[in-house]
Amino acid sequence: MRVCVLGAGVVGLTSAYYLVKKGFDVTVIDRQEGVALETSFANAGQISPGYSAPWAAPGIPLKAIKWLMQKHAPLKVSADPELKKIAWMGKMLINCTEKAYDVNKSRMVALAEYSRDQFITMRKDIGIKYDDGQGGLTQLFRKDEQVEASEKDIKVLKALNVPHQVLTPAQILEVEPGLAPVIDKFKGGLRLVGDETGDCFVFCQELKKHCDELGVTFKFGVAIERLVVEGGKVRAVKTDQGDFEFDNILVSMGSYSKELLSDIDISVPVYPVKGYSLTVPITDSQFAPVSTVMDETYKVAVTRLGGRIRAAGTAELNGYNLDLPKVRTETITHVVHDLFDQGCDLSEADYWTGLRPMTPDGTPVVGRTHIDGLYLNTGHGTLGWTMCCGSAAVIADIISGDKTDIDSQDLSVRRYK
Ligand SMILES: Cc1cc2nc3c(=O)[nH]c(=O)nc-3n(C[C@H](O)[C@H](O)[C@H](O)COP(=O)(O)OP(=O)(O)OC[C@H]3O[C@@H](n4cnc5c(N)ncnc54)[C@H](O)[C@@H]3O)c2cc1C
């Protein structure tokens, strides 16, 4: 049975891996000249089931208004009245109720926990290495209000059995000693013990080698134009290099899945939410992070990836724009300077930007469609690295007709109807 995976980001590539292991004849098509050259290239490196939560949460609309007026704010919205952006923000607003938050969060945590376990299995099975670490994630609170607000999150973590530790500043230093020169800035922390870290790009390079050995065919430098559907069944993918026929097609084109699907009347409410990262070599490891620290004031994650520090953050709603203006990187630079100035030389930093394929409810879209043979694994937003192995294992089970290990009903596109 021939399956074509559209998109060689981390989501498409992991899907290809799980599909070929099930015995499918797998082809991956991508416009780039290799794997993970778009959003999966330089993310924050967190594999974070403990931090999996929708951005649409009670209280966010008010916070968003405040953020729009601050210099180092986690959210930026371009002023142009783009209809798609306004419609998407409206859908996100509807998801900001307590009830919607609880439903969305429990779906996301279940998938992310399953995904982390799949990472562990994959490491055992194929010995894959990707500057990975298993040191957890430490949220840092600069204000008493943040410590108080975390009590609500702690209740949810307890209810979902997510291992965590509440930390005093002294206890923060036990897990992240590199913060010693600046520990007075913090009132407390919350550690998500089971979270992991790793370089998504390195992972994809390594996983591609395994996929090559397992017989996956890669077609790079091919632009996908549209899907050919006949009699309710997907027949082929039309590209700039001709039509390719398959029995099944899986769409994993990140932020670009939406346009392809709207052509055939499948509405997937994904909007490209832009983010920025910097990567800088560590010059003194005693002043570098051990794992991930998340500065809650700026919503910037700073992660140790082998001999480098990766920092990432900012959510910018500005269409498919991939410009990299210096002013937008000031917040991530500011946080690294503020926390780990003695551990790196920021003049050596490489900057990057990418588009998170975000759904308004935070949960990816994983499952079948009403078109026979057409499947989706897309819309992973802020957590595609965290959830990739889990959602890939789920979609491989669905395409094979096998029972999924976790409940996958709510993950399909049908939930938007
Ligand atoms: C700043 C930032 C920080 C992040 N930090 C984290 C983190 O710490 N942890 C985490 O879990 N997640 C994080 N994420 C999110 C994560 O990186 C994404 O969810 C994930 O990379 C999405 O993977 P994808 O495969 O769906 O998309 P992509 O990696 O974008 O892959 C889509 C592929 O489709 C191809 N494609 C698209 N259109 C076409 C076409 N017409 N023809 C041919 N090919 C096409 C592209 O070339 C691309 O290779 C972060 C994202 C950003 C931007």
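Counting starts from 1 at the beginning of each chain's written sequence and moves along it residue by residue. Thresholds applied to this predicted model are a pLDDT of at least 70 for local features of residues and 80 or more for the giving and counting of side-chain atom pairs; totals over whole chains, interfaces and linings are not thresholded and use all residues. Each side-chain value is derived from all of the structure's non-hydrogen atoms; neither hydrogens nor water enter the calculation.

K.L.:
I keep staring at the packing of aromatic side chains and nothing clicks. Help me out?
P.N.:
Each Phe, Tyr or Trp ring (for Trp, its six-membered ring) is paired with any other whose centre lies within 6.5 Å, and the angle between the two planes then decides the class: stacked below 30 degrees, edge-to-face above 60, tilted in between. Per the stated rule, a full pass over the model turns up 12 aromatic pairs. Between Tyr256 and Tyr320, the aromatic rings sit 5.0 Å apart at their centres with planes inclined by 40°, giving tilted as the arrangement. A residue pair is termed long-range when its members are at least 10 positions apart, and Tyr256 in the loop between strand E13 (248-251) and helix H8 (257-262) and Tyr320 in the loop between strand E17 (308-317) and helix H9 (330-340) qualify at 64 residues. On the basis of relative accessibility, which here comes to 30%, the residue Tyr320 falls in the partly exposed class. The rings of Phe119, Tyr130, Phe203 and Trp385 are connected pair by pair, giving a single aromatic cluster. Only lysine NZ and arginine CZ atoms are considered, and such an atom sits over a ring when it is within 6 Å of the ring centre and within 35 degrees of the ring normal. For the cation-ring pair, Arg31 lies above Tyr256, with the distance from its terminal atom to the ring centre recorded as 4.3 Å. The ring centre of Phe218 lies 4.9 Å from the NZ or CZ of Lys208, which sits over that ring. A run of H or I in DSSP becomes a helix once it reaches four residues, and a run of E becomes a strand once it reaches two; helices and strands are each numbered from the N terminus. Accessibility here uses a 1.4 Å probe with only protein chains present; expressed as a share of the type maximum, an area under 20% marks a residue as buried, one over 50% as exposed, and anything in between as partly exposed.

K.L.:
Looking at this structure, how should I read helix H4 (residues 98-126)?
P.N.:
By definition here, a helix of n residues has an expected span of 1.5 Å times n minus one. Given a rise of 1.5 Å per residue, 29 residues ought to cover 42 Å, and the 41 Å separating the end C-alpha atoms of H4 matches this to within 8%. Gly127 occupies a position one or two residues after H4 and carries a positive phi of about 65°.

K.L.:
I would appreciate a short explanation of the pairing of strand E2 (residues 25-30) in the present structure.
P.N.:
Counting buried residues in E2 gives 5 out of 6 residues, a clear majority hidden from the surface. Sheet topology places strand E1 (residues 2-6) next to E2; 5 bridges connect them, and they run parallel. From the neighbouring strand, Arg2 faces E2, where its bridge partner is Asp25. Whether a crossover is right-handed depends on one test, that the path from the first strand over the helix to the second runs clockwise when the strands point away from the viewer. In this fold, the crossover linking E1 to E2 by way of helix H1 (residues 10-21) has right-handed handedness. The pairing of E2 with strand E9 (residues 217-220) spans 4 bridges and is parallel. In the sheet register, Thr27 faces E9, and the bridge partner there is Thr217. DSSP bridges decide pairing: two strands pair if at least two such bridges lie between them.

K.L.:
Which parts of the structure should I look at to understand the domain arrangement of the protein?
P.N.:
One widely used convention gives an interface's size as the accessible area the parts lose upon coming together. Bear in mind that the domain bounds are from an automatic or database domain assignment. Taken domain by domain, the protein consists of domain 1 (2-40 + 202-268 + 362-416) and domain 2 (53-96 + 129-198 + 271-358). Taking the mean C-alpha position of each, domain 1 and domain 2 sit 28 Å from one another. When a carboxyl oxygen of Asp or Glu is within 4 Å of a side-chain nitrogen of Lys or Arg, the pair counts as a salt bridge. Between domain 1 and domain 2 we count 1 salt bridge in total. Residue Glu259 pairs with Lys84 through a salt bridge whose shortest N-O separation is 3.3 Å. We call two N or O atoms a polar contact when they sit within 3.5 Å, provided that within protein one can donate a hydrogen and the other can accept it, with sequence-adjacent residues counted only if both atoms are side-chain atoms. For the interface between domain 1 and domain 2, the tally reads 7 residue pairs in polar contact (both at pLDDT 80 or more). Contributions of two or more residues to the side of domain 1 that touches domain 2 are made by helix H7 (200-214) and H8. In terms of residue count, the dominant contributor to the side of domain 1 that touches domain 2 is H7 (3 residues). Classification convention: Asp, Glu, Lys, Arg as charged; Ala, Val, Leu, Ile, Met, Phe, Trp, Tyr, Cys, Pro as nonpolar; all other residues, Gly among them, as polar. Here the residues of the side of domain 1 that touches domain 2 sort into 5 nonpolar, 8 polar and 4 charged.

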